[in-house]
Each structure stands twice: as structure tokens, then as C-alpha cells.
Amino acid sequence: MQKGQQHKFDVVIIGGGAAGLSAALRLPTSLKIAVLAKKPGEEYSSYWAQGGISAVLEPDDSIDLHTADTMEAGAGLCDEQVVRFCAAAGKPSIEWLSKLGMPFTRDQQGISESGFHLTREGGHSRRRVVHAADATGKALQQTLEAHVLERDNIRFFHQHIAIDLIHRERKCVGLYALNRKNQHVDVFGARKIILATGGASKVYLYTSNPDGSTGDGIAMAWRAGCRVANMEFIQFHPTCLYHPEAKSFLITEAIRGEGGILLLPDGRRFMDSFDSRAELAPRDIVARAIDHEMKRLGIACVYLDISHKSRAFIKAHFPTIYQRCLDFDIDITRQPIPVVPAAHYTCGGVLVDINGRTDLENLYAAGEVSCTGLHGANRMASNSLLECLVFAEAAARHIAAEIDTSGRMPVLERWDESQVTDSDEDIVVAHNWDELRRFMWDYVGIVRTNKRLERALHRAELLKSEINDYYGNYKVSADLLELRNLVVVAELIIRSALARRESRGLHFTLDYPEPSDDFLAPTILDPVQNGRSPARLASI
Ligand SMILES: Cc1cc2nc3c(=O)[nH]c(=O)nc-3n(C[C@H](O)[C@H](O)[C@H](O)COP(=O)(O)OP(=O)(O)OC[C@H]3O[C@@H](n4cnc5c(N)ncnc54)[C@H](O)[C@@H]3O)c2cc1C
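Below: a short report on this structure. Computed from a predicted structure; not experimentally measured. (Residues numbered from 1 in each chain as written. Predicted model: local features only at pLDDT ≥ 70, side-chain atom pairs only at ≥ 80, totals over all residues. Heavy atoms only, no water.)

## Overview of the site of the ligand
Thought 1: Residues in contact with the ligand amount to 38 residues; listed here are only the nearest, Gly16, Ser46, Gly51, Glu368 and Ser384.
Thought 2: At a separation of 3.2 Å, an oxygen atom of the ligand approaches a polar backbone atom of Ala18.
Thought 3: Interatomic distance of 2.7 Å between a side-chain N/O atom of Glu368 and an oxygen atom of the ligand.
Thought 4: Coverage of the ligand by the protein chains reaches 97% of its 1000 Å² of free accessible surface.
Thought 5: If you list the elements that add at least two residues to the shell around the ligand, you get α1 (18-26), α2 (45-48), β7 (160-168), β14 (337-346) and α11 (383-402).
Thought 6: The biggest single contributor to the shell around the ligand is α11, with four residues. (Near = heavy atom within 4 Å. Polar contact = N/O pair within 3.5 Å; in protein donor to acceptor, adjacent residues only side chain to side chain. Areas by Shrake-Rupley, 256 points an atom, 1.4 Å probe, with all protein chains shown as cover. Helix = DSSP H or I, 4+ residues; strand = E, 2+ residues; numbered from the N terminus.)

So this is what it looks like as C-alpha cells:
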């Protein structure tokens, strides 16, 4: 029987999204690099990014302004040095992408000096979002992938799920990864490893993210002894299509901008009793109001109605949404759209410094998996792709400066499959997936309370021991690996939320509805030593 293979690379990058591919292209061509991705390109967030990438490009804008806007959105928890660093790196990053052939939409009216068509999104005081029509992520992904495939020094492993990092004396030396094609576990030796595994929004029942966003990198880094920060700050998009067969379809906020009205199932409007701006209130307020009504009334969704506009107007302005809803027998020119808020972005993650370095020697993190200090308590739109580009470059630069390719790499043990059997109870995994995502939605969602968080923690602990038991006895599968990571991430989110006894940015709790100066710092959880309760945290 074919067994798992052994590989050796100078650098292994776990993740083939915007952060992972940028890092691969930024590293010197003299290095032997592996990029691991667990699924094809459409299965992760970078591909789906719509809006664009923020960058200071026009004379009426400045690094100071971009910094101030980001800090304002971050509600006091951004690291100013990091914010400035990213704001300053915006323009060179866009120039780099342009040189690679990224098809950014150009300004046709001669308004912008940069030549790019720029949009303005929530929180930005200037037009500074460059984009490729309304499919920026797809264009970005295709541009980066085309260049990666041309490089002889980069090998792409499209179907490898990293399981765990291998480390010795707080140095990362490699990792195990499940090869989905033959179901064997390969071992990768590496001098340097970059985690670029994306976010963890799949921990919630409703999410705008594709299936791959299961927080694998955060869980792996935590198990390997790295600190994790700000996990309580999960950004929710207010309106995602609610339909049993529609996964992750966002209904753009522009519908509300064009007069769309939010309704309860009995046809009553409700946003005006939450905020004087009603449907035009900021995204967090709208998401919170919908959540409040859903929980109060025990309803599965609310409705977004634009049918009072003419059919021609709707079809001209929202052709994709019109068509997509029609595919599910919802004619938005005649009836309201069922919507729910959905987990959209993980602001926290593996704690890194300005070079993308984690707590383990040789281990870096870039993109949504990381917590750099850029977003603080709330992410400003289009800063996330910027962060992917900037920190991928920072990590690559640091690696290039310090990697030594002359020494021998340690011999790593192969994965031991001899003690485990094939499972005949996959239903257990499927059930636990559902249970976890449901209680995270119900108890750790947009509006929190201590009681709900404690209840969720109890459930998470039970699930974790069941999953670990299962993991120890049966052969690993993709679903099991993701579930094992999701339960770790769930616990990190709950513990971070419990630790923050105030409301700030994206974290809102009815027990402490106001911000407090006592909590003007990131929430940092440490698996190795933690003043509060080391044994409990170490066991996550
Ligand atoms: C619908 C949508 C719209 C968005 N719009 C915007 C926008 O307009 N502007 C903006 O700035 N941001 C936007 N975002 C956020 C932004 O797209 C993401 O934050 C960003 O793309 C994350 O990139 P990444 O490289 O960190 O991770 P991802 O793009 O999620 O890539 C993760 C990679 O890691 C791999 N991976 C994960 N786990 C493992 C494992 N265990 N083993 C091997 N490989 C693994 C995956 O297969 C994938 O290749 C949007 C997000 C969504 C969902």
C-alpha cells in the first residue's frame, strides 16, 4: 500500500489565497518553495472579494488620513505603527500588482490622477479603493496564480490539508498534511513556514465565507504554542441570502442604499426603531438590530424588500442578485428577499510582529489568519486584502534576509497510521459540525451575554473531548480535521469574549453595553502560560 511521502523545502506556505501566493512571489527565486492549498481557488475568501483594495493614491488623500480612518474604525485597539506601515505600503503594493498584470478598473472620466477608478467605502474619508469591476478577488487570484505557475522554484500542492506543525524547542521544522487524493499523510520538512490559511467564519451557522474558512492556521499555531489575539472581534455582514440551498451569497448593502427596506415576517418595518438612519445605519448596527429581532421573535430570518422600485431599475442595478435569487424562485422585483446576518471576517488570529513572525522561531503568519494590529476591534472595508499583500511581503523580506540554506534539515518522523482504523460513524462528525455552528450562532453571535457565553463554553468543551477522542481512534479525514480546528477556534472566541468585560467595536455584550478604559488593549490568549488559568487554556 502506498504510504505518505516525505518532502523537503526551504519554505512551505500553507495557503494559496492572496496572502500565500503573494508571499510565494515575493520570496527569492533561489529558494525552493511549496504552496499548500486544501481546495481549488473558488473555495476560499480571496477569490470572492468584491469591493477592492484600499491604498492612498490621490493627492487629496494621505497616509495620515488612511491611518486616522483605520484607527477610528478599530475603536481604540489598532496598533498605530502597524496601521501606518500598511497605509504607506498601499501604493507600492498596487503598483506591484499592476506590473503583474492585475486588470484594475481604470478611470474613464479623467478624474483621478493615478488613472485608477477609485471607490469609497464605509469608514473611508476619501476615495481610495482600487478594484477590478465587482470581482476584484477573482482577478487578483487569477493574476497571482498565473505567475506562481510560471515559477520553477514554486511547487503547488492543490489538495493537501495541513494537519499540525512539527516543532522542537520552540522552533518550527515542518508539518504533516493529508493528501486528499490518496488519503495518506505526507510530512514536509521546512526551514521556514508561513501560515496563510485565512479566517474562521465557518465556525458560525451563517457565513459569507466559502467552506475552507475553518480557522486551521489559528488552531495549528495555538496547538504549537503560539499566542492568539482579539478573537472576540468577528465582523458580521448584515444581509446574506437565507435559503436552504444558497450557501454564502451576500446581498449587497447597496440595496439598502437604493431604498431597500428591512421587514419582519408580518411585514412590519423595524430598523427605524433602532437608529434614526434606519436601513442606512452602519453595518454593525443593522446586523445587531436584525439579530435582536430574530432572537426576540424566534424567527429564522428577516426580509429585505426592494420590490417597490421598478423592475427595470432593479434589473439594471442588481443583475447578479436578481438572477441568483431567481435561481431560488425568489423574484426580487415582486417579493422581499429572505436575509440573515452572516459571519464575514475574523479580525483576530495568530499574533505576529511587524515582520509577520509568530511566537515560534521559523513560523510566520500573513493574511486573515493573523492578528497584526491593523484592524483592532473592527476591520475597515478593503483593508484586509491590503494587509494580505503587505504582510506577505514583510514576511518574505524577513525570510530572505535570514534564511540559511546551507545546513542539513532534521529528519522528521513519518505519520503513524498503524493505531487507527477507518471510521464507520461519519455521522458523528457531521452532527458535531452542525451542533458547533448552531450554538456559536445562537450563543456567541452578534449580541452576547455572559450566560450564553458560559453555556457555549460548556458545549465547546464537551464537543472538544468527543472530537479529540474520535481523532485519536480513527483515520483522519478532511471533515474531521476541519471540525477539530473549528472547535479550538470556537473556544478561543468564547474565552476572548468572556475576557472582554465591555462592549467595543464588533464585540457587543448586554452585560457590559459600554466601552471601558480598563479594556483598552488587545485580548491575548497564551497557550503556554497564562496568568488567569494556565491549565484550562493550555488544554484547548
Ligand atoms: C464575500 C467576501 C467578500 C470580501 N470582499 C473583500 C474586499 O472587497 N476587500 C477586502 O479587502 N477584503 C474582502 N474580503 C475579505 C478578504 O477577501 C479576505 O480577508 C482575504 O481574501 C483573506 O485572504 P487569505 O489569503 O488570508 O486567505 P484565503 O483567501 O481564505 O485563503 C486561504 C488559503 O489557505 C488554504 N488553507 C486553509 N487551511 C488550510 C490547511 N489546513 N492546509 C492547507 N491549506 C489550507 C485554503 O485552501 C486557501 O488556499 C471579502 C471576503 C468575503 C468572504
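## Some thoughts on the environment of Val286
Thought 1: Along the chain, Val286 falls in helix α8 (residues 283-297).
Thought 2: Classification of Val286 by relative accessible area gives buried; the value is 0%.
Thought 3: Apart from residues lying up to four places away in sequence, Val286 is in contact with Pro238, Arg256, Leu262, Met271, Ala278, Glu279 and Ala281. (Buried < 20%, exposed > 50% of the residue type's maximum accessible area, 1.4 Å probe, protein only. Contact = heavy atoms within 4.5 Å.)

## Some thoughts on the sheet that holds strand β3 (residues 53-54)
Thought 1: Here three strands make up an open sheet; going across it, the order is β3-β5-β4 and the pairing antiparallel. Where the open sheet ends on each side, the last strands, each with one partner, are β3 and β4 (118-119).
Thought 2: As judged from the two bridges shared by β3 and strand β5 (residues 129-130), these two strands associate in the antiparallel manner. Note that in β5 the partner of Ile53 across the bridge is Val130. (Pairing = 2+ DSSP bridges.)

## What to know about the packing of aromatic side chains
Thought 1: Using the criterion set out here, one finds 14 aromatic pairs in the structure.
Thought 2: Ring geometry for Tyr204 against Phe236: centres 5.2 Å apart, planes inclined by 75 degrees, an arrangement best described as edge-to-face. Of this pair, Tyr204 sits in the loop between β9 (184-195) and α6 (216-223) while Phe236 sits in strand β11 (residues 234-241); the two residues are 32 residues apart in sequence, bridging distant segments of the chain. With respect to burial, Tyr204 and Phe236 carry one shared label: buried.
Thought 3: On the numbers, 5.9 Å between centres and 75 degrees between planes, the contact of Tyr206 with Tyr242 is edge-to-face. Taken together, the residues span a long stretch of sequence, with Tyr206 in the loop between β9 and α6 and Tyr242 in the loop between β11 and α7 (254-257) at a distance of 36 residues.
Thought 4: Among the residues examined, Tyr206 registers a relative accessible area of 18% and is labelled buried.
Thought 5: Ring pairing ties together the aromatic residues Tyr204, Tyr206, Phe236, Tyr242 and Trp441, which thus form one cluster. (Phe/Tyr/Trp six-rings, centres within 6.5 Å; stacked < 30°, edge-to-face > 60°.)

## Side note on the pattern of salt bridges
Thought 1: Overall, the coordinates contain 29 salt bridges when judged by the stated rule.
Thought 2: For the salt bridge of Arg128 with Asp61, the shortest nitrogen-to-oxygen distance reads 2.8 Å. Taken together, the residues span a long stretch of sequence, with Arg128 in the loop between β4 and β5 and Asp61 in the loop between β3 and α3 (63-73) at a distance of 67 residues. For the residue pair Arg128 and Asp61, the accessibility class agrees, reading buried in each case.
Thought 3: Of the charged contacts in the structure, one is a salt bridge between Asp64 and Arg84, with a shortest N-O distance of 2.8 Å. Of this pair, Asp64 sits in helix α3 while Arg84 sits in helix α4 (residues 80-100), and the two are 20 residues apart along the sequence.
Thought 4: We classify Arg84 as partly exposed; its relative accessible area is 32%.
Thought 5: Salt bridges here are not isolated pairs; linked through shared partners, they connect Glu232, Arg500, Glu502 and Arg504. (Salt bridge = Lys/Arg side-chain N within 4 Å of Asp/Glu carboxyl O.)

## Some remarks on the nonpolar core
Thought 1: If you look at the biggest cluster of nonpolar residues, it comprises 116 residues, and the most contacted ones within it are Val12, Leu175, Tyr204, Ile251, Leu436 and Met440.
Thought 2: The element best represented in this core is helix α14 (residues 478-499), accounting for 14 residues.
Thought 3: Residue contacts for Met440: discarding those within four places in its chain leaves Val203, Tyr204, Gly445, Ala490, Ile493 and Ile494.
Thought 4: The next biggest cluster of nonpolar side chains, apart from the first, holds 53 residues, and it includes Cys78, Ala89, Leu140 and Ile154. (Core = buried A, V, L, I, M, F, W, Y, C linked by side-chain atoms within 4.5 Å.)

## So, α1
Along an α-helix, residues three or four positions apart point the same way, because every turn accommodates 3.6 residues.
Thought 1: Counting buried positions over the nine residues of α1 gives eight, a clear majority of the element.
Thought 2: Within the sequence span of α1, burial applies to Ala18, Ala19, Gly20, Leu21, Ser22, Ala23, Ala24 and Leu25.

## Comments concerning the sheet that holds strand β15 (residues 349-351)
Where strands meet in a sheet, backbone hydrogen bonds hold them as pairs that are either parallel or antiparallel.
Thought 1: Here we have four strands laid out as an open sheet, ordered β17-β15-β10-β18, and mixed in their pairing. Pairing within the sheet leaves two strands with one partner each, and these edge strands are β17 (370-371) and β18 (524-525).
Thought 2: Packed on one face of the sheet, α6 meets β10 (228-229), β15 and β18 and runs near 40 degrees to β15. (Axes fitted to C-alpha atoms, helices over the stretch in contact; angles between N-to-C directions.)

## Looking at the packing of α1 against α11
Thought 1: Contact geometry for α1 and α11: axes closest at 8 Å, N-to-C directions at 35 degrees. Our pair here, α1 against α11, has a crossing hand that is right-handed. Residues Ala18, Ala19, Ser22, Ala23 and Arg26 of α1 form the contact with α11, whose participating residues are Leu385, Cys388, Leu389, Ala392, Glu393 and Ala396.
Thought 2: Partitioned by chemical class, the residues of the contact of α1 with α11 number eight nonpolar, one polar and two charged. (Left-handed = near helix turned anticlockwise from the far one by under 90°. Nonpolar A, V, L, I, M, F, W, Y, C, P; charged D, E, K, R; others polar.)

## So, unusual backbone geometry
Thought 1: A positive phi angle, close to 60 degrees, is found at Arg170, a residue other than glycine.
Thought 2: Counting through the fold element by element, Arg170 comes out in the loop between β7 and β8 (171-179).
Thought 3: Phi is positive for Ala278, close to 50 degrees, though the residue is something other than glycine.
Thought 4: Inspection of the secondary structure assignment puts Ala278 in the loop between β12 (261-263) and α8.
Thought 5: On the basis of relative accessibility, which here comes to 8%, the residue Ala278 falls in the buried class.

As far as function goes, none of this settles anything; it's purely spatial.
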